[in-house]
Amino acid sequence: MSFQGPWLNHLDSLAHQLEGHKAAQEEHVEERDDEQFYKILREVCDVVRDAERDASPELPDVVEKAHALLGDAVDWAYTSNHYGFLNSFADCKDAPLVEDIGMACGADITELFVEFYTKYLHPGAPRPKLPSFSKVAPWTKAPPPPHPYSTRLSRFRQDAVPSLTDKTPLAQLIYQARAELNMHYVSSPYAMELSSGGSILAMAHGGGWKKRDPILRYHIFDDDDDDDIEFRSIDPGLSNVAHYITTDEELKLVFLADNDRIKSFSWAPNAKGEAPKRLPNVHTMNTLREFYGPLLVLPNGRIARAGKGKVAVWDIDALEKHQDNPGKLIGEGKLDTDNSWREADCPSIEMSSGTRPHSIVAFADDPAYDPGVVHLHAPTGRMLIGEGPASQSSSKTYACVSIDVEHGGRRVARYLGLGGTLEKITTSPGDPNVFVTAGSEGFVRMFDVRRPLPVLTFQTDNGGEPCSDVIYIHPDGIPTLFTGAGQRRNSVKVWDVRGKTAVYELATGNNIVSAMAWDARRNSLFVATECPPRSRIGEQSGYRQARIPRWATWMAAEEASKALRGEGEAPKEECSEGPAPGEPLQQAEGGAKDKAEEDDAEMTDAEDEDEDEDEDEDQDEDDEMYEERSNESGEEEDGEASSEEEEEDDIDEEYSKDKRWPTICFHRENYFGYAYNAGEHTLMQWTFKPEPNIAELPATTERGW
């Protein structure tokens, strides 16, 4: 709908309509009027868009009034339990919604329906015939990969690959999924950061009993662009697990923060030019238990941390260093560990209370704003902030704001159209006027910093699943998005921004995407994932015997790889008697995995020994659990297929017999070209190259994993 001034009067009328709608819904709770609710939200955005189009001098007031109205509506939708998530309402013809044409009903939903049907609606009845919309074609009947070197862990959309030439070689590799996978097994990841120059990859983990001990894990890259990553781990000396991490490439510092303190660690080379094997703790900063939010490196050698309605700032050069007075505590007195989850009197906690903030900048226009996500917009030097899922605001505002920290914390701009809290804000050096947000309701929105509403909206999920992370890059100048699924879908999607389409998705081994990073130096995508069936103390549950098609085995991938190398098709007997599935990767990763485990063991020896003893004692019970889960999932003794899709596949019974697959998950074994279930928390490194080894694939979970 198109509106003419007076704009504020239109918003007053829409506010009146919203109040009437809320009152009507309270009287008729069972009859949710979606059409009327979304009509109000869309018309609020139309008023803002029309006021902007007319260059109205009232635009700032219109934006603020629309913000209050949209915030009230979205907050009501969630707090009154009328909606679990909201659909997009800020898109329009000139700022369209981009949907993934390949999205379908997941296997988890169909299996839950079948279980409900056969156990409760019609006990003992055979599996019902499912409607066509619930069926997902196997990988062999999906759109074929565009290149022989496309990874088998990708699934493409129909006619989605853009036309690219040899003048855009990197973009070709990315859009054709010509990528090789290196796998690293890690502890439960909380945060990950690749430095802006790509010289260090740092991760915040939890270790020890119930993952209560903080771990800083890192790899320092040398000048060689090799794919061999050897992680090292240290206990950072914090009193709790760190959930925020950032890096300063210029000063060669990693910053790690729990609720009480920030600690920095240096990866600067020594006098001989050698990178340190164990990062030294340089600074400790006291956050006063008021600044518990995300970290941000500011220009001119400063580090900032957000709190409710304000941000604390430290001048790094003015900070006291642990190296200045070895053994001396930094700050006033000792750290108060009353809120620590670590063992009482834990000797690994460094007891400095830390340097207090050098300055505190209040949000002049938004004193109640509680940032959960922050990002520096480098071209302007301003902070982009948004409320996250854990924000402690009593009433969330569902908007993103730009704050000028250099000039009294004033709000420069407000950005509308969000239907949930934010998981991530990101930018690309290739587009100085654009930033991208990832939302808790599954939408990725692209904003122009000069405009209050999104210019593009991408629907990453059709069921309100959070988009846990987003990366915006410009390979060969072509705008590209990577989006990570945060709960059910368990994959990474690649989007062509110019073509306004999803191109393909990458498997994550049925793991949740917790963080991603793009390494421009090595053309690599790092994806940190979390295994949902594995608890904080490492217990597994919810698995059944896998049903893997013959074409989705490691032997099939090896045959394809040999054919590409000109070695012809591998004889069947060689495939069946060759190396175990995933063995080359397991051998290659063995050293890095073992070293990381040794480092973790040094930090939490007692806890790890206890866990090892428990695991040894419970191994037989674990094996029994797998058998029970397999039987409970509906597997028949004669190996009869449990779904109509499986009946079309040639199941490799011998290969599948020791493999395990989650009982409830979005993807079946035939969704990708290689059936892979991680069964562990992982860090996946996808390196895009002209001729990747398509048989370099990780082993899927097996019995007794």
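Keep in mind that what you see is a predicted model, and the values were worked out from it rather than measured.

Thresholds applied
Residues numbered from 1 in each chain as written. Predicted model: local features only at pLDDT ≥ 70, side-chain atom pairs only at ≥ 80, totals over all residues. Heavy atoms only, no water. pLDDT = per-residue confidence, 0-100. Contact = heavy atoms within 4.5 Å. Phe/Tyr/Trp six-rings, centres within 6.5 Å; stacked < 30°, edge-to-face > 60°. Helix = DSSP H or I, 4+ residues; strand = E, 2+ residues; numbered from the N terminus. Axes fitted to C-alpha atoms, helices over the stretch in contact; angles between N-to-C directions. Parallel < 35°, antiparallel > 145°, perpendicular 65-115°, else oblique. Nonpolar A, V, L, I, M, F, W, Y, C, P; charged D, E, K, R; others polar. Core = buried A, V, L, I, M, F, W, Y, C linked by side-chain atoms within 4.5 Å. Buried < 20%, exposed > 50% of the residue type's maximum accessible area, 1.4 Å probe, protein only. Left-handed = near helix turned anticlockwise from the far one by under 90°. Polar contact = N/O pair within 3.5 Å; in protein donor to acceptor, adjacent residues only side chain to side chain. Pairing = 2+ DSSP bridges. Salt bridge = Lys/Arg side-chain N within 4 Å of Asp/Glu carboxyl O. Expected span 1.5 Å × (residues − 1). Arc of directions from axis to C-beta.

**Examining the confidence of the model for the protein**
When pLDDT is averaged along the protein, the result is 85; 82% of the residues meet or exceed 70. Taken as a whole, residues 604–646 scores under 50 in pLDDT and shows 60 contacts with residues more than four places along the chain or in a different chain.

**Things to note about the packing of aromatic side chains**
Within this structure, the stated rule accounts for 15 aromatic pairs. Arranged with centres 5.2 Å apart and planes meeting at 25°, the rings of Phe-37 and Tyr-83 form a pair that is stacked. Remark: Tyr-83 occurs in the loop between α3 (59–79) and β1 (97–99) and Phe-37 occurs in helix α2 (residues 34–53); sequence separation between them is 46 residues. With 4.7 Å between their ring centres and 40° between their planes, Phe-156 and Tyr-504 make a pair best called tilted.

**Re the packing of helix α1 (residues 7–27) against α3**
At a minimum axis separation of 10 Å, α1 and α3 run at an interaxial angle of 10°. As the angle between them shows, α1 and α3 are arranged roughly parallel. Within the contact between the two elements, α1 uses Trp-7, Leu-8, Leu-11, Asp-12, Leu-14, Ala-15, Leu-18, Glu-19, His-21, Lys-22, Gln-25 and Glu-26 and α3 uses Asp-61, Val-62, Lys-65, Ala-66, Leu-69, Asp-72, Ala-73 and Trp-76. For the contact of α1 with α3, the class distribution of residues is 11 nonpolar, 2 polar and 7 charged.

**Re the nonpolar core**
Counting residues in hydrophobic clusters, the biggest one holds 50 residues, and the most contacted among them are Ile-174, Phe-482, Tyr-504, Leu-525, Trp-686 and Phe-688. Element by element, the count of residues in this core is highest for helix α5 (residues 169–175), at 5 residues. Once residues within four sequence positions are removed from consideration, Phe-688 is found in contact with Leu-173, Ile-174, Ala-177, Arg-178, Ala-179, Phe-482, Tyr-504, Trp-518, Asn-523 and Leu-525.

**Digging into the packing of α2 against α3**
Interhelical geometry of α2 versus α3 gives an angle of 165° and a closest axis separation of 10 Å. As the angle between them shows, α2 and α3 are arranged roughly antiparallel. When you trace α2 past α3, the crossing you get is left-handed. Where α2 approaches α3, its residues Phe-37, Leu-41, Val-44, Cys-45, Val-47, Val-48, Ala-51 and Glu-52 are matched on the opposing element by Leu-59, Val-62, Val-63, Ala-66, Leu-69, Leu-70, Ala-73, Trp-76 and Ala-77. Across the contact of α2 with α3, the residue classes tally to 16 nonpolar, no polar and 1 charged.

**Here we look at the side chain of Glu-505**
Relative to the helices and strands, Glu-505 resides in strand β27 (residues 501–507). Of the residues examined, Glu-505 reaches a relative accessible area of 0% and is grouped as buried. A distance of 2.9 Å separates polar atoms of two side chains, one belonging to Glu-505 and the other to Arg-157. At a separation of 2.8 Å, a polar atom in the side chain of Glu-505 contacts the side chain of Ser-491. With residues up to four places along the chain from it excluded, the contact list for Glu-505 reads Leu-153, Ser-154, Arg-155, Arg-157, Arg-489, Ser-491, Val-492, Lys-493, His-667, Tyr-671 and Phe-672.

**Here we look at the sheet that holds strand β4 (residues 189–194)**
Within the open sheet, the 4 strands sit side by side as β4-β5-β6-β7. Their pairing is antiparallel. Each edge of the open sheet is held by one strand with a lone partner, namely β4 and β7 (232–234). Here the average twist between neighbouring strands, direction ignored, is 20°. Across 3 bridges, strand β6 (residues 213–220) lies against β7 in antiparallel orientation. Of the residues in β7, the one forming a bridge with Arg-217 is Ser-233.

**Points about the pattern of salt bridges**
Applying the stated rule across the entire model yields 41 salt bridges. Lys-689 is the salt-bridge partner of Glu-180, the closest N and O atoms lying 3.7 Å from each other. Of this pair, Glu-180 sits in strand β3 (residues 179–185) while Lys-689 sits in the segment after β32 (682–688), and the two are 509 residues apart along the sequence. Linking Lys-328 and Glu-320 is a salt bridge whose minimum nitrogen-to-oxygen distance equals 3.5 Å.

**Focus: the sheet that holds strand β16 (residues 373–377)**
Taken in spatial order, the 4 strands make up an open sheet running β16-β17-β18-β19, and their pairing is antiparallel. Of all the strands in the sheet, the pair left with one neighbour each is β16 and β19 (410–415). When the angles between neighbouring strand axes are averaged without regard to direction, this sheet yields 25°. As paired elements, strand β18 (residues 400–404) and β19 share 5 bridges and run antiparallel to each other. Opposite Val-401, over in β19, you have Arg-414 as the bridge partner.

**Some details on the side chain of Ser-150**
Structurally, Ser-150 can be placed in the loop between α4 (107–121) and β2 (154–156). Here Ser-150 falls in the buried class, since its relative accessible area comes to 4%. From its side chain, Ser-150 meets the backbone oxygen of Gln-176 in a polar contact 2.5 Å long. Residues within four places of Ser-150 in sequence aside, it is in contact with Pro-145, Phe-156, Gln-176, Ala-177, Arg-178 and Ile-694.

**Some details on α2**
Taking 1.5 Å of rise per residue, the 20 residues of α2 would be expected to cover 28 Å, and the 28 Å separating its terminal C-alpha atoms lies within 8% of that figure. Taken across its 20 residues, α2 has 14 buried, putting it largely inside the fold.

**A closer look at α1**
Compared with the 30 Å implied by 1.5 Å per residue over 21 residues, the 31 Å span of α1 between its first and last C-alpha is a close match. Those residues of α1 that fall on the buried side of the exposure criterion are Trp-7, Leu-11, Leu-14, Leu-18, His-21, Lys-22 and Gln-25. Buried residues of α1 fall within an arc of 100° about the axis and therefore sit on the same side. For α1, exposure combined with an orientation more than 90 degrees from the buried face picks out His-16 and Glu-27.

**Notes on the pairing of strand β5 (residues 200–207)**
Across the 8 residues that make up β5, a large majority, 8, are buried. Judged by which residues are buried, β5 turns out to be covered on both faces: Ile-200, Ala-202, Ala-204 and Gly-206 on one side and Leu-201, Met-203, His-205 and Gly-207 on the other are all buried. Summarising the sheet, β4 and β5 pair through 5 bridges and their orientation is antiparallel. Bridge pairing in β5 places Pro-189 opposite His-205. One ladder, built from 8 bridges, connects β5 with β6; its direction is antiparallel. Looking at β6, one finds that Met-203 is bridged to Arg-217. Between β5 and β6, which pair antiparallel one after the other, the connecting turn spans 5 residues, and Gly-208 there sits at a positive phi close to 75°.

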